[in-house]
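Here is how the chains run, residue by residue.
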Amino acid sequence: RLLRDSVTAAASLGAVAALAISGNGNAIGMGQFSIICAGALLMQIMMLERDRPLAAGAWWALAMLKPQIGVAFAGLFITRREWRGLALGIAVLGALSLAACWWTEVSPLALIEHWTLHMYVGFAEGYSMPSRLAAAVGIHPRVMHLGLAALLLVPILFTARLDPTTRVEPLFLAAVASMLGGSLLYHLFYDNIMMFPLLLAAIAAAAHRPTPARIAIAAAVGVSLWVPQR
């Protein structure tokens, strides 16, 4: 639909762009939730396009199966001032989290303390940008991960100060969210599917107005996601 007015080649590329992301096979082979979360994010975007914020909130809560994929997309609600959708999504997450803590007999406060003070992040060393940056500047990886995660709020709050009459397309907001979340949070290659909004937005921008810069950006995004990691 995004590329229906473009030439056949561009529309065909858009149709298979997300399917061709190289981490998809790894996600399936390793039993990761990444593709399920990306499907929920797509539904969130579509529900926001149709002005159904409550449904969007429910789909976002499902995408939070992997918080490092879903959390950046909370910014779509804040920027568009869809507070009901955000509130419902947080309520669903809170209820499910409390139920899980009750079922497993784990204190919610102990869980929060573990995440913020004791969680082992050595598994991320050498793989994610936060870990590499922590090693380069000599900061504890946990501190770097939490600090960069907090930076997610800066562009979200900035765009939230836009004129309330300005209605930014959900796909564009999702492209920004995927770029921020993919850069500032821990990910491995099987999470690459979360970048599909950025990929589609880049292809659409290049197809609708094919300037050299737009074509170069679309090509760079495509190559980084389509070429096998090894």
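Residues numbered from 1 in each chain as written. Predicted model: local features only at pLDDT ≥ 70, side-chain atom pairs only at ≥ 80, totals over all residues. Heavy atoms only, no water.

Here we look at the overall build of the chain
Our working rule: A helix here means a DSSP run of H or I that spans at least four residues, while a strand means a run of E at least two residues long, and both kinds are numbered starting from the N terminus. Only C-alpha atoms enter the radius of gyration, while the globule expectation follows 2.2 Å times N to the 0.38, with N the number of residues.
For the chain, the helix and strand inventory stands at 14 helices and zero strands. Reading the secondary structure of the chain in the N-to-C direction produces α-α-α-α-α-α-α-α-α-α-α-α-α-α. Computed over its C-alpha atoms, the radius of gyration of the chain comes to 18 Å, within 12% of the 17 Å expected for a compact globule of 230 residues. Dimensions of the chain along its principal axes, counting C-alpha atoms only, are 55 × 40 × 35 Å.

A closer look at helix H14 (residues 212-226)
The condition that has to hold: A helix is expected to span 1.5 Å for every residue after the first. Using a 1.4 Å probe on the protein chains alone, a residue whose accessible area is under 20% of its type maximum counts as buried, one over 50% counts as exposed, and one in between counts as partly exposed. In this description, the arc belongs to the directions extending from the helix axis to the C-beta atoms. In what follows, a contact means two residues having at least one pair of non-hydrogen atoms within 4.5 Å.
Here H14 spans 21 Å end to end across 15 residues, near enough to the 21 Å set by a 1.5 Å rise per residue. Burial in H14 covers these residues: Ala218, Val221, Gly222 and Leu225. Across the axial projection of H14, the buried residues extend over an arc of 95°, all falling on one side. The secondary structure elements touched by the buried residues of H14 are helix H13 (196-208).

Structural notes on the packing of helix H12 (residues 170-184) against H13
The condition that has to hold: Geometry is summarised by axes, namely lines fitted to C-alpha atoms with helices restricted to the contacting stretch, and by angles between N-to-C directions that run from 0 to 180 degrees. Small angles under 35 degrees read as roughly parallel and large ones over 145 as roughly antiparallel, with 65 to 115 read as roughly perpendicular and the rest as oblique. Take the far helix as the reference: if the near one is turned anticlockwise from it by less than a right angle, the crossing is left-handed, and if turned clockwise, right-handed. Ten residue types, Ala, Val, Leu, Ile, Met, Phe, Trp, Tyr, Cys and Pro, are classed as nonpolar, four, Asp, Glu, Lys and Arg, as charged, and the remainder, Gly among them, as polar.
Packing of H12 against H13 brings their axes to within 7 Å, and their N-to-C directions diverge by 125°. Considering their axes alone, H12 and H13 lie oblique with respect to each other. Here the hand of the crossing between H12 and H13 comes out left-handed. On H13, the residues that touch Leu171, Ala174, Ala175, Ser178 and Met179 of H12 are Pro197, Leu198 and Ala201. For the contact of H12 with H13, a count of residues per class yields seven nonpolar, one polar and no charged.

Some points on unusual backbone geometry
A positive phi angle is found at Arg81, which is not glycine, with a value near 60°. Here Arg81 is to be found in the loop between helix H6 (75-80) and helix H7 (83-104). Positive phi is not limited to glycine here, since Glu105 has a value of about 60°. According to the relative accessible area criterion, Glu105 is exposed, its value standing at 75%.

Here's the deal with a nonpolar patch on the surface
For the record, the criterion: Patch building starts from residues that exceed 30% relative accessible area and form no salt bridge, then joins like charges within 9 Å and nonpolar side chains (Val, Leu, Ile, Met, Phe, Trp, Tyr) within 5 Å. Using a 1.4 Å probe, accessible areas were evaluated by the Shrake-Rupley method; residue-level cover was limited to the displayed protein chains. The salt bridge definition used is simple: a Lys or Arg side-chain nitrogen within 4 Å of an Asp or Glu carboxyl oxygen.
On the surface, Phe33, Ile36, Trp59, Leu62 and Leu65 cluster together into a nonpolar patch covering about 440 Å² of accessible area. Here Phe33 is to be found in the loop between helix H2 (23-29) and helix H3 (34-49).

Focus: helix H10 (residues 141-151)
All of the buried residues along H10 are Pro141, Arg142, Met144, His145 and Leu148. Projected onto a plane normal to the axis of H10, the buried residues spread over an arc of 165° and lie on a single side. Packing partners of the buried residues in H10 comprise helix H8 (108-118), helix H9 (129-137) and H12.

Some points on the nonpolar core
The cut-off we apply is this: By nonpolar core we mean a set of buried residues, namely Ala, Val, Leu, Ile, Met, Phe, Trp, Tyr and Cys, connected to one another through side-chain atoms within 4.5 Å.
Counting 47 residues, the largest nonpolar core has Trp60, Phe73, Leu76 and Leu199 as its most contacted members. For this core, the secondary-structure elements that each account for two or more residues are H3, helix H4 (53-63), H6, H7, H10, H12, H13 and H14. A per-element tally of this core places H3 first, with seven residues. With residues up to four places along the chain from it excluded, the contact list for Leu76 reads Gln44, Ile45, Leu48, Pro170, Leu173, Ala174 and Ala177.

Some thoughts on the pattern of salt bridges
According to the stated counting rule, one finds three salt bridges in the structure shown. Measuring nitrogen to oxygen at the nearest pair gives 3.8 Å for the salt bridge that ties Arg80 to Asp51. A residue pair is termed long-range when its members are at least 10 positions apart, and Arg80 in helix H6 and Asp51 in the loop between H3 and H4 qualify at 29 residues. A salt bridge links Glu82 to Arg80, with the shortest nitrogen-to-oxygen separation between them at 4.0 Å.

Points about the environment of Ala72
Mapped onto the elements, Ala72 comes out in the loop between helix H5 (67-70) and H6. Between the C-alpha atom of Ala72 and that of Ala149, which follows or precedes it by 77 residues, the distance is 8.9 Å.

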